[in-house]
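# Fold and geometry: a report
Residues per chain, in single letters:
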Amino acid sequence: MRVLVVEDEPRLARALQRGLTAEGYAVDLAADGLAGLEAARHEGYDAVVLDIMLPGLSGYRIVRALRAESNWVPVLMLSAKDGEYDQADGLDAGADDYLTKPFSFVVLLAKLRAVLRRGAPERPAVLAAGGLTLDPATRRVTRDGQEIALTTREFALLEYLMRHRDEVVTKTELLDHVWDAGADTDPNVVEVYVGYLRRKIDQPYNERSLQTVRGAGYRLAG
Ligand code: CA
């Protein structure tokens, strides 16, 4: 397995390289953000260990750029602070996991094995279907670049449909995932909200992306 370590603190970078090499990984180092992004783009790594605070380009910007280019290489982020924000930002940007410095090398190895096991499935930070985009982190929805204002429930409904793009989703499934568990909800409420969504995401644009599949449910065509 070939791993790229993007870390600007030379001692930590060298220690990681030594430790990972001893574990049988092939390790390359990049000492700044731009070199890290270039290497991650072109070299076909199995995983990237990515510091957040880097000269040139931050780890957040690097992982966002890779995901925007549909590069799904597993990324383990190293965060200097242990602020929850940091970690949430890293995961929202498209990282797979994170470690807070100082960290134990044994834990780093375990997390690295875990992200390598998961491989590089597509997991865009921003969901897209046709001209629609939905960013779960910023809660923005756009159609052809134009922002669409949705209520919380409409947003949740669209997010679920976009995560199952091109699949038929039943009303029951939508009730289970979008409405509160245990709420005594009439399945017809789904129809009502599908109608609201269509009036915002489709009708003004002459689109028919949110389709009714008769007797089965709904499908968001992507
Ligand atoms: Ca750093």
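Residues numbered from 1 in each chain as written. Predicted model: local features only at pLDDT ≥ 70, side-chain atom pairs only at ≥ 80, totals over all residues. Heavy atoms only, no water.

### A closer look at the layout of surface pockets
In plain terms, the rule: Residues are said to line a cavity or pocket when one of their atoms sits within 4 Å of a point; the points come from a 1 Å grid over protein atoms alone, cavities being sets where a 1.4 Å probe fits but cannot get out and pockets being open sets with protein on both sides within 12 Å along at least five of seven lines. Grid points are joined across faces, edges and corners, and a volume is the space filled by probe spheres set on the points. Under the DSSP-based scheme used, a helix requires at least four consecutive residues in state H or I and a strand at least two consecutive residues in state E, with every element numbered from the N terminus. An automatic or database domain assignment supplies the residue ranges for each domain.
In this structure, the largest pocket spans a volume of roughly 390 Å³. Lining the largest pocket we find 19 residues, and of these Arg123, Pro124, Ala125, Leu127 and Arg163 sit closest to its centre. The set of elements that each furnish at least two residues to the lining of the largest pocket consists of helix 4 (84-93), strand 6 (127-129) and helix 6 (152-163). Three or more residues apiece are contributed to the lining of the largest pocket by two domains, here domain 1 (2-118) and domain 2 (127-220).

### Comments concerning the environment of glutamine 87
Mapped onto the elements of the fold, glutamine 87 is located in helix 4. For the pair glutamine 87 and threonine 100, spaced 13 residues apart in the sequence, the C-alpha separation amounts to 8.6 Å.

### Digging into the domain arrangement of the protein chain
Considered domain by domain, the protein chain is made up of domain 1 (2-118) and domain 2 (127-220). Distance between the C-alpha centres of domain 1 and domain 2: 34 Å.

### What about helix 7 (residues 171-178)?
Heads up, the rule is: Each residue's exposure class comes from its accessible area (1.4 Å probe, protein chains only) as a fraction of the maximum for that residue type: buried when under 20%, exposed when over 50%, partly exposed otherwise. Directions drawn from the helix axis to the C-beta atoms are what define this arc.
For helix 7, the full list of buried residues reads Leu174, Leu175 and Val178. Down the axis of helix 7, the smallest arc covering the buried residues is 100°, so these residues share one side. Looking at helix 7, the residues exposed on the side facing more than 90 degrees away from the buried face are Thr172, Asp176 and His177.

### Comments concerning the sheet that holds strand 6
Just so we agree on the cut-off: Any two strands with at least two DSSP-identified bridges between them are counted as paired. Helix axes are fitted to C-alpha atoms over the stretch in contact, other axes to C-alpha atoms as well, and angles between N-to-C directions run from 0 to 180 degrees. A contact between two residues is defined here by any heavy atoms of the two lying within 4.5 Å.
Here four strands make up an open sheet; going across it, the order is 6-7-8-9 and the pairing antiparallel. Every interior strand has two partners, whereas the edge strands, strand 6 and strand 9 (146-148), have only one. Across the sheet, the axes of successive neighbouring strands diverge by a mean angle of 25°, strand direction being ignored. Against the sheet, helix 6 makes contact with strand 6, strand 7 (132-135) and strand 8 (140-143), and its axis sits at roughly 110° relative to strand 7, the strand it touches most.

### A few points about the side chain of glutamate 159
Relative to the assigned elements, glutamate 159 resides in helix 6. Leaving out residues up to four positions away in the same chain, glutamate 159 has contacts with Leu127, Leu134 and Pro136.

### With respect to the pairing of strand 1 (residues 2-6)
Most of strand 1 is tucked away: four of the five residues are buried. Two strands pair when backbone bridges link them, and strand 1 and strand 2 (residues 26-30) are joined in this way by five bridges, in the parallel orientation. Pairing of valine 5 across the sheet is with leucine 29, part of strand 2. Bridge analysis of strand 1 against strand 3 (residues 47-51) gives four bridges, and the strand direction is parallel. By the bridge assignment, leucine 4 is partnered in strand 3 with valine 48.

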